[in-house]
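This is what each chain is made of:
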Amino acid sequence: ELTADGVAWPQKGRHGYDGGAWIRLHRHQWTPIENEVERAWYLMYMGIGLANNMLADIENIDFEALKVPISKEQAKAEMRTYRAYCYWYLMDLYGDVPITETIGEMNPATNTRKEVFDYVVKELTESIPSLSESKIDSYGRVSKWGAMALLAKVYLNAEVYSGTAHLDD
């Protein structure tokens with residue numbers, strides 16, 4: 001948001017300058033050592049790792065015995081949607097990025113932006129039918145409506161991501 005005028009970081013007195021980092025971000029003059037550029041990569045892959053871990057663990061959870069208020073399929077769909085969100089973010093910021101669905105994979109191959117686009121679309125379209133439509137029951141979690149909004153964002157920018165427009169989708 002800072003780099004697209006969605007948020008302002010004004011300097012008030014001696015506070016907020018932070019070595020000029022916010023000014024460089026605003027002016028799109030960041031350097032490879034900017035924490036914010038590296039942090040976005042790190043945080044999104046941390047989210048992917050947590051989603052992959054949950055998806056691996058979920059197979060061993062007895063939802064009925066634990067009285068989990070959602071189905072195992074819905075829980076998987078929520079995690080896949082969250083992971084797709086992280087990949088969308090990475091694809092949007094960096095272009096070509098590695099895709100991994102397992103824990104502990106070291107140095108996975110880099111996928112093209114189009115491959116990441118296709119993966120995000122697949123994950124969302126396969127997950128949407130299992131997500132909750134309730135705005136109340138899914139409060140604080142991924143709903144069908146949130147996943148559809150993300151899919152719309154992906155389709156609106158599809159020509160940049162994949163080379164093919166998907167405006168009809």
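Use the structure listed above.
Counting of residues starts from 1 at the beginning of each chain's written sequence and follows it residue by residue. Since the coordinates come from a predicted model, pLDDT governs what is reported: local features require at least 70, and pairs of side-chain atoms require 80 or more to be given and counted, while whole-chain, interface and lining totals use all residues. Only hydrogens and water are set aside when side-chain values are computed; all heavy atoms of the structure are taken into account.

A. Broad picture of a nonpolar patch on the surface. Note on patches: the residues involved have over 30% relative accessible area and no salt bridge, like charges join within 9 Å, and the nonpolar side chains Val, Leu, Ile, Met, Phe, Trp and Tyr join within 5 Å. For accessible areas, the Shrake-Rupley method is used with a probe of radius 1.4 Å. Any residue's cover is judged against the shown protein chains and nothing else. The working definition used for a salt bridge is a side-chain nitrogen of Lys or Arg within 4 Å of a carboxyl oxygen of Asp or Glu. On the surface, Tyr42, Leu43, Met46 and Leu50 cluster together to form a nonpolar patch covering roughly 400 Å² of accessible area. Runs of H or I in DSSP of at least four residues are treated as helices and runs of E of at least two as strands, each being numbered from the N terminus. Relative to the assigned elements, Tyr42 resides in helix H2 (residues 35-58).

B. Quick peek at H2. The length a helix should cover is 1.5 Å for every residue beyond the first. In a regular helix each residue adds 1.5 Å, so 24 residues correspond to 34 Å; H2 covers 34 Å between its end C-alpha atoms and thus fits that length. Those residues of H2 lying buried are Ala40, Met44, Tyr45, Gly47, Ile48, Ala51, Asn52, Leu55 and Ile58. In this description, contact between two residues means that some pair of their heavy atoms is separated by no more than 4.5 Å. Where H2 is buried, its residues contact helix H3 (72-94) and strand S1 (97-98). Burial classification: accessible surface area is computed with a 1.4 Å probe over protein chains only, and a residue below 20% of its type maximum counts as buried, one above 50% as exposed, and the rest as partly exposed.

C. Main features of the environment of Gly6. Tracing the backbone through its elements, the reader meets Gly6 in the segment before helix H1 (21-26). Taking the relative accessible area as the measure of exposure, Gly6 reaches 58% and is therefore exposed. As for Gly6 and Trp88, which are separated by 82 residues in sequence, their C-alpha atoms are 19 Å apart.

D. Up close: the packing of H3 against helix H5 (residues 144-156). Between the N-to-C directions of two axes lies an angle of 0 to 180 degrees, each axis being a line fitted to C-alpha atoms and, for a helix, fitted only over the stretch in contact. The interhelical angle for the contact between H3 and H5, taken along N-to-C directions, is 25°, at an axis separation of 11 Å. The orientation of H3 with respect to H5, classified from their angle, is roughly parallel. Judged by the twist between their axes, the crossing of H3 over H5 is left-handed. Contacts between H3 and H5 involve Thr81, Ala84, Tyr85 and Trp88 from the former and Ala147, Leu150, Lys153 and Val154 from the latter. An angle below 35 degrees is read as roughly parallel, one above 145 as roughly antiparallel, one from 65 to 115 as roughly perpendicular, and any other as oblique. Should the near helix be turned anticlockwise from the far one by less than a right angle, the crossing is termed left-handed; should it be turned clockwise, right-handed.

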